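# Structure at a glance
Spelled out, the chains give:
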Amino acid sequence: MTQDHSTSAKVTPHRVILLGSTGSIGTNVLQCIEHLRDDHGITMEVVGLAAGSRAAELSQQARAFNVNTIALGSTDNRIDLDIPQTTTAFVGIDAAHQLIDTVAQPGDLVIAAMVGSAGLPAVIAAIDRKCDIALANKETLVAAGAIVMPAARHANITLLPIDSEHSAIFQCLLAGRCIDEVRRLVITASGGPFRTWPAQRVRSATVAEALNHPTWNMGPKITIDSASLMNKALEIIEAHWLFDMPADKIDVIVHPQSIVHSFVEFVDGSVMAQMGPPDMRGPIQYALTYPHRLKGCSQTLNWGQLSELNFEQLDHDRFPAVQLALECIKAGGTSGTIFNAANETAVAAFLDEQIRFGRITELVEATLDSIAPTPVQSLPDIMAADETAREFVTHQISRQQSSAATSAVTS
Ligand code: NDP
Ligand code: MG
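Residues numbered from 1 in each chain as written. Chains lettered and ligands numbered in written order. Predicted model: local features only at pLDDT ≥ 70, side-chain atom pairs only at ≥ 80, totals over all residues. Heavy atoms only, no water.

Let us look at the overall build of the protein. A count of helical and extended segments in the protein gives 16 helices and 11 strands. For the protein, the C-alpha radius of gyration of 21 Å lies close to 22 Å, the compact-globule estimate for 411 residues. With the principal axes as the frame, the protein shows a C-alpha extent of 75 × 60 × 45 Å. Here the protein holds 411 residues, and the buried ones make up 55% of them. In the protein, of all internal contacts separated by at least 6 residues, the share reaching a separation of at least 24 is 69%. Counting only carbon and sulfur atoms, one obtains 50% of the accessible surface of the protein, whose full area is about 18,500 Å². Between the averaged position of the 28 positive side-chain charges in the protein and that of its 44 negative side-chain charges there is a distance of 3 Å. (Helix = DSSP H or I, 4+ residues; strand = E, 2+ residues; numbered from the N terminus. Rg over C-alpha atoms; globule rule 2.2 N^0.38 Å. Buried < 20%, exposed > 50% of the residue type's maximum accessible area, 1.4 Å probe, protein only. Contact = heavy atoms within 4.5 Å. Areas by Shrake-Rupley, 256 points an atom, 1.4 Å probe, with all protein chains shown as cover. Lys, Arg positive; Asp, Glu negative; His and termini not counted. Charge placed at Lys NZ, Arg CZ, Asp CG, Glu CD.)

And the structure:
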């Protein structure tokens, strides 16, 4: 306890702007902020909140954390925010970006926890304002690592990963002084709900089956990505950008218990792993208190009950997404943008029950085969590639739907 008090005094009580506050990560962030305040006496001032469409939850959060400026990405003008008159609210597609432009100050901590590449403009605006970034929103790096990483270096900000695997690698790399000392990064994967399913059954899995993740409780998009192993594919590209690693130095291994969050092999054969319970409040609190550690609000591991930790090779035939991601890194340019946009569009169509599960990966592969990557110089290059890929997938889905309708009529 004595040590905890002295460490508490060292932690920077950041001003925080939370993008994606109503989601799975967002609500865990707010729990961690409450825990730091109540159990450690560290007050992180939340100066901005952004959400997509859940107006009631956002309003309630703004009241609970005394936040004066909020943003709602929804374009539905029937949405009603229940907030005090003194609270400024931005509504619409650019709302999160406007929030950053209005409240962000150099040194603020912006937590990027929205889903999808919709988070990108706000993250870039926050970097330009010299805010530090705690990043959960992996799609931002997958789509635009070629812009985000140089901007972060140029602004000399701290970019901390929240994604558990990347937080693990980040922590392991603190021990390896030079990147030449690293032989490879190994990202662990739970294997998702279909780890043991035969290929044919995986292809026709239902939405409910794909949403039933064995170890993690997360938002719907990342849960589907975990079932298709697209999440691991996105994480490989995320690791490539965060740790400046080539494709041949990043590997994936299936670890069904989700206790070892990832590991780093060093050139001398030594391996550093980071472990913990499968609870995102671990990496979130670490990002909030970095470089210090305080008692967290998740349960600690019970070694007496941990009878085994298993590791298996990934079956690339049943789950080809990881291989596609490695090829994207090698191809460079807008490949990651195309990959991410195709996947986002296909996942939305699957959740809407327009396509079967197996089509997600097929559509991503078809998009990568059909649209050649181009060099990335600026944000418009990313936006253009993103739009082209989304249009391609949408077109493929509607073509498939009309040919299915035609055969139903003729049969
Ligand atoms: P959720 O679907 O639970 O939450 C997404 C959040 O983004 C919600 O608050 C949503 O608001 C908000 N949002 C959507 N569109 C906009 C927009 N245009 N402007 C502002 N906010 C928006 O997702 P998760 O929390 O699970 O995931 C968030 C990110 O973190 C993803 O990139 C995911 O890959 C990553 N991640 C998640 C992990 C997890 O355990 N959940 C683990 C590691 C990474 P609303 O609900 O109001 O529409
Ligand atoms: Mg992860």
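From this point, things continue past the structure.
To continue, consider the coordination of the magnesium ion (ligand 2). Donor atoms from the polypeptide that bind the magnesium ion (ligand 2) are Asp163 (OD), Glu165 (OE) and Glu235 (OE), placed at 2.0 to 2.2 Å. Written as a sequence motif, the donor residues of the magnesium ion (ligand 2) are D-x1-E-x69-E. Note that Glu165 is positioned in helix 7 (residues 164-173) and Glu235 in helix 11 (residues 230-243), a separation of 70 residues in sequence. Across this residue pair, the class does not change: Glu165 and Glu235 are buried. (Donors = N, O, S within 2.8 Å, 3.2 Å for Na, K, Ca; no water.)

For helix 6 (residues 138-155), spanning 18 residues, the distance from its first C-alpha to its last is only 20 Å, which falls clearly below the expected 26 Å at 1.5 Å a residue. In helix 6, a bend of some 105° at Ala144 exceeds every other bend along the element. In terms of burial, helix 6 is a largely internal element, 14 of the 18 residues being buried. After helix 6 finishes, the residue Asn156 shows a positive phi value of roughly 60°. (Expected span 1.5 Å × (residues − 1). Bend = angle between axes of the 7 residues up to and from the residue.)

Here we come to the nonpolar core. As a rule of thumb, nonpolar side chains are buried together in soluble globular proteins. By size, the foremost hydrophobic cluster in this structure holds 136 residues, and its most contacted members are Leu19, Phe339 and Phe357. For this core, the domains that each give at least three residues are domain 1 (10-161) and domain 2 (174-277 + 298-410). What Leu19 contacts, discounting residues up to four positions off in sequence, is Ala50, Ala96, Leu99, Ile100, Val110, Ile111, Ala112, Ala113, Met114 and Ala122. (Core = buried A, V, L, I, M, F, W, Y, C linked by side-chain atoms within 4.5 Å. Domains from an automatic or database assignment.)

Another point: the pairing of strand 8 (residues 182-189). Both faces of the sheet carry side chains from a regular strand, because those side chains alternate between them. In terms of residue burial, strand 8 counts as a mostly covered element, since six of its eight residues are buried. When strand 8 meets strand 10 (residues 260-266), the two strands line up antiparallel, connected through five bridges. Bridge pairing links Ile187 to Ser262 in strand 10. Pairing geometry for strand 8 and strand 9 (residues 250-254), over five bridges, is parallel. In the strand pairing of strand 9, Thr188 is matched with Ile253. (Pairing = 2+ DSSP bridges.)

Let's shift gears to the packing of helix 6 against helix 14 (residues 335-351). Two elements in contact, helix 6 and helix 14, have axes whose closest approach is 6 Å; the angle formed by their N-to-C orientations is 135°. The angle between the axes of helix 6 and helix 14 places the two elements in the oblique class. Seen from helix 6, the contacting residues are Glu139, Val142 and Ala143; seen from helix 14, they are Gly336, Thr337, Phe339, Asn340 and Glu344. By residue class, the composition of the contact of helix 6 with helix 14 is three nonpolar, three polar and two charged. (Axes fitted to C-alpha atoms, helices over the stretch in contact; angles between N-to-C directions. Parallel < 35°, antiparallel > 145°, perpendicular 65-115°, else oblique. Nonpolar A, V, L, I, M, F, W, Y, C, P; charged D, E, K, R; others polar.)

If you walk across this open sheet you meet the seven strands as 4-3-2-1-5-6-7, and the pairing is parallel. With partners counted over all chains shown, the strands left at the sheet margins are strand 4 (88-91) and strand 7 (159-161), one partner each. Geometrically, the sheet is characterised by an average inter-axis angle of 15° between neighbouring strands, direction not taken into account. Contacts from helix 2 (residues 24-40) reach strand 1 (15-19), strand 2 (45-51) and strand 5 (109-112), with the element oriented near 160° to strand 1.

Moving on, we get to the site of ligand 1. In the vicinity of ligand 1 lie 23 residues, with Thr22, Gly52, Arg54, Glu139 and Gly219 positioned nearest. Interatomic distance of 2.7 Å between a side-chain N/O atom of Thr22 and an oxygen atom of ligand 1. In this structure, Gly219 approaches ligand 1 through a main-chain N or O atom, which is 2.9 Å from an oxygen atom. Across the complex, the protein chains shield 89% of the 900 Å² of accessible surface that ligand 1 would expose by itself. For the shell around ligand 1, the elements supplying multiple residues, two or more each, are helix 2, helix 6 and helix 10 (220-228). Considering only residue class, the shell around ligand 1 consists of 10 nonpolar, nine polar and four charged. Shared between two domains, the shell around ligand 1 takes at least three residues from each, and those domains are domain 1 (10-161) and domain 2 (174-277 + 298-410). (Near = heavy atom within 4 Å. Polar contact = N/O pair within 3.5 Å; in protein donor to acceptor, adjacent residues only side chain to side chain.)

A few words on the domain arrangement of the protein. Along its sequence, the protein is carved into domain 1 (10-161) and domain 2 (174-277 + 298-410). Placing the centre of domain 1 and that of domain 2 at their C-alpha centroids yields a distance of 25 Å. Taken together, the contact pairs 20 residues of domain 1 with 24 residues of domain 2. Where domain 1 abuts domain 2, roughly 1,700 Å² becomes buried across the two surfaces, and 71% of that area is made up of carbon and sulfur atoms. Counting across the interface, domain 1 meets domain 2 through two salt bridges. Between Glu139 and Lys221 there is a salt bridge, with the nearest N and O atoms lying 2.9 Å from each other. Linking domain 1 to domain 2 there are eight residue pairs in polar contact (both at pLDDT 80 or more). Broken down by element, the side of domain 1 that touches domain 2 gets its largest block of residues, 10 residues, from helix 6. Looking at side-chain class alone, the side of domain 1 that touches domain 2 contains 14 nonpolar, four polar and two charged residues. (Buried area = accessible area lost by both parts, 1.4 Å probe. Salt bridge = Lys/Arg side-chain N within 4 Å of Asp/Glu carboxyl O.)

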